[in-house]
Amino acid sequence: MSFFSSDFTLGILGGGQLGKMLLYETRKWDIQTKVIDPSKAAPARLAANRFESGDLMDYKTVMEFGRDVDLLTIEIENVNVQALEDLAEQGKKVYPSARSLRVIQNKASQKLFYIDHGIPTADFSRFAYTSEIRDSLANGGLSLPFVWKSAQFGYDGQGVKIIRTLDDLKGLPNVECIAETLIPFKRELAVIVARSANGEVKSYPVVEMEFHPEANQVEYVLCPARIPDTIAQKARAVALKVSEQLKHVGLLAVELFQTQDDQILVNEVAPRPHNSGHYSIEGSYTNQFEQHLRAVLGLPLGETESKVAAVMVNLVGEEGYKGDVEYENIDKILGLKGVTPHIYGKRETRPFRKMGHVTIVDPSIDEARKTAALVKEQIKVISNTRINE
């Protein structure tokens with residue numbers, strides 16, 4: 001099948017910033033696209049050949065959308081899996097598969113999958129409702145502290161909370177959830193694995209992630225991670241095992257903990273391009289978005305190694321601001337060596353909303369990290385309206 005400058009149409013479920021950046025690559029290769037997103041103002045709306053607004057969790061909507069494309073992929077995992085399964089049974093190519101998405105969509109199912117397949121992960125307990133946790137604590141089935149995670153629909157730090165006292169349970173939604181052992185890790189790491197429809201597999205270098213303590217969002221991603229080669233090899237091996245067992249087609253971002261005794265534990269996975277791979281746009285021979293296209297189209301996978309050390313800084317809405325976005329001091333960061341900003345196209349900011357990212361490249365990862373700190377200090381994502389005004 002000819003993908004380039006032809007009538008072939010790639011369907012993408014989700015039109016957020018990941019979809020927008022994926023479309024950079026489809027435009028580069030002149031691949032026709034059709035995108036659907038719940039928001040009429042989705043960032044990907046301008047770059048798609050065809051764009052429509054619709055509910056990604058609605059069976060009929062996804063079925064009708066999928067029938068009108070040649071191959072279907074995702075940029076967000078919260079989609080109607082039954083529709084994807086039925087489309088595949090009708091002969092439509094769907095990557096990643098409904099099978100792998102069923103496992104990944106639910107954090108409890110993810111954890112059980114790891115246990116069943118001998119993949120190292122933190123101990124956990126599963127609850128049908130958050131309200132059951134108090135009884136488990138009272139009866140000795142669970143002990144403080146632990147990490148509460150909503151089983152479904154957690155995203156960008158939402159649906160996750162460290163529980164150190166009973167008071168921390170107040171205000172949590174009464175939903176299916178897991179209580180996970182709090183790991184005193186050295187570092188949080190990630191590995192992106194690419195698996196093509198033809199079975200070829202490659203992994204990217206291990207990256208190191210630094211998180212915002214309050215928002216539970218990634219602030220910095222460093223590639224390469226500042227770890228010994230033995231630990232990096234172990235992390236890549238664990239990530240490859242997860243991909244192999246899921247038989248996932250496309251990109252799989254595997255988030256990991258490096259424990260105090262240098263064990264590698266899987267935290268969770270994402271079946272798509274991922275925040276931990278944004279550095280690859282400037283830093284890698286093949287960026288993650290092009291690699292996802294290569295994988296789902298069954299084309300040869302590209303080189304995954306880095307051209308240069310890179311650090312990514314997330315640009316998120318400042319606390320206290322909500323309204324039309326303004327990027328303060330963006331001209332100042334553009335004067336710094338090796339700096340490239342990416343603005344996602346969201347017109348309205350709010351606290352901790354992902355609005356863009358900045359990549360810093362340098363032959364030295366330590367120098368890139370120093371520049372990243374300057375970027376974080378200078379650029380502010382604000383608006384004319386303060387929340388408390």
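Quick notes on the rules
- Residues numbered from 1 in each chain as written.
- Predicted model: local features only at pLDDT ≥ 70, side-chain atom pairs only at ≥ 80, totals over all residues.
- Heavy atoms only, no water.
- Patch = residues over 30% accessible without salt bridge, like charges linked within 9 Å, V, L, I, M, F, W, Y side chains within 5 Å.
- Areas by Shrake-Rupley, 256 points an atom, 1.4 Å probe, with all protein chains shown as cover.
- Salt bridge = Lys/Arg side-chain N within 4 Å of Asp/Glu carboxyl O.
- Lys, Arg positive; Asp, Glu negative; His and termini not counted.
- Charge placed at Lys NZ, Arg CZ, Asp CG, Glu CD.
- Helix = DSSP H or I, 4+ residues; strand = E, 2+ residues; numbered from the N terminus.
- Buried < 20%, exposed > 50% of the residue type's maximum accessible area, 1.4 Å probe, protein only.
- 1 Å grid on protein atoms, 1.4 Å probe; cavity = no way out; pocket = protein on both sides within 12 Å on 5 of 7 lines; lining within 4 Å.
- Points joined across faces, edges and corners; volume = space filled by probe spheres on them.
- Nonpolar A, V, L, I, M, F, W, Y, C, P; charged D, E, K, R; others polar.
- Pairing = 2+ DSSP bridges.
- Core = buried A, V, L, I, M, F, W, Y, C linked by side-chain atoms within 4.5 Å.
- Contact = heavy atoms within 4.5 Å.
- Axes fitted to C-alpha atoms, helices over the stretch in contact; angles between N-to-C directions.

Draft legend 1. Just a negative patch on the surface, in detail. Residues Asp324, Glu326, Glu328 and Glu348 make up a contiguous surface patch of negative charge. Per element, the largest residue contribution to the negative patch is 3 residues, and it comes from strand 17 (residues 323-328). With respect to the helices and strands, Glu328 occurs in strand 17. Classification of Glu328 as partly exposed rests on a relative accessible area of 37%.

Draft legend 2. Representation of the layout of surface pockets in the model. A volume near 180 Å³ is recorded for the second largest pocket. In this structure, the second largest pocket is lined by 13 residues; those nearest its centre are Glu219, Val316, Gly317, Glu318 and Lys376. Breaking the lining of the second largest pocket down by element, the ones donating at least two residues are strand 16 (309-316) and strand 21 (380-383). Of the residues forming the lining of the second largest pocket, the biggest block, 3 residues, is contributed by strand 16. Residue composition of the lining of the second largest pocket, grouped by class: 5 nonpolar, 3 polar and 5 charged.

Draft legend 3. Main features of the pattern of salt bridges. Inspection of the entire model under this criterion finds 21 salt bridges. Across the pair Glu85 and Arg102 runs a salt bridge, and its minimum N-O distance is 3.5 Å. Of this pair, Glu85 sits in helix 3 (residues 81-89) while Arg102 sits in helix 4 (residues 98-105); the two residues are 17 residues apart in sequence, bridging distant segments of the chain. In this structure Arg102 comes out as partly exposed when scored by relative accessible area, which is 38%. In this structure, Lys186 engages Asp262 in a salt bridge whose closest nitrogen and oxygen atoms are separated by 2.8 Å. Residue Lys186 is found in the loop between strand 9 (177-181) and strand 10 (187-195), and its partner Asp262 is found in the loop between strand 14 (250-258) and strand 15 (264-270); the two are separated by 76 residues along the sequence. Here the salt bridges do not stand alone but share partners, grouping Arg187, Glu208, Glu210, Arg226 and Arg369 into one network.

Draft legend 4. Inspection of the pairing of strand 9 at higher detail. Burial runs high along strand 9: 4 of the 5 residues are buried. Relative to strand 9, strand 6 (residues 124-127) runs antiparallel, the two being bridged by 4 bridges. Looking at strand 9, one finds that Phe124 is bridged to Glu180. The pairing of strand 7 (residues 146-150) with strand 9 spans 5 bridges and is antiparallel. From the neighbouring strand, Trp148 faces strand 9, where its bridge partner is Ala179.

Draft legend 5. Broad picture of the nonpolar core. If you look at the biggest cluster of nonpolar residues, it comprises 24 residues, and the most contacted ones within it are Val206, Val242, Val254, Leu256, Val266 and Val269. Element by element, the count of residues in this core is highest for helix 7 (residues 229-246), at 7 residues. Those residues in contact with Leu256 that sit more than four places away from it in its chain are Arg187, Glu188, Leu189, Val191, Ala235, Val238, Ile264, Leu265, Val266 and Asn267.

Draft legend 6. Summary view of the sheet that holds strand 9. Spatially, 6-9-7-8 is the arrangement adopted by the 4 strands of the open sheet, whose pairing is antiparallel. The two strands at the open ends of the sheet, each matched to only one other strand, are strand 6 and strand 8 (160-163). The average angle at which neighbouring strand axes cross in this sheet is 20°, direction not considered. Its contacts with the sheet put helix 5 (residues 107-116) on strand 6, strand 7 and strand 9, and the angle it makes with strand 6 is roughly 140°.

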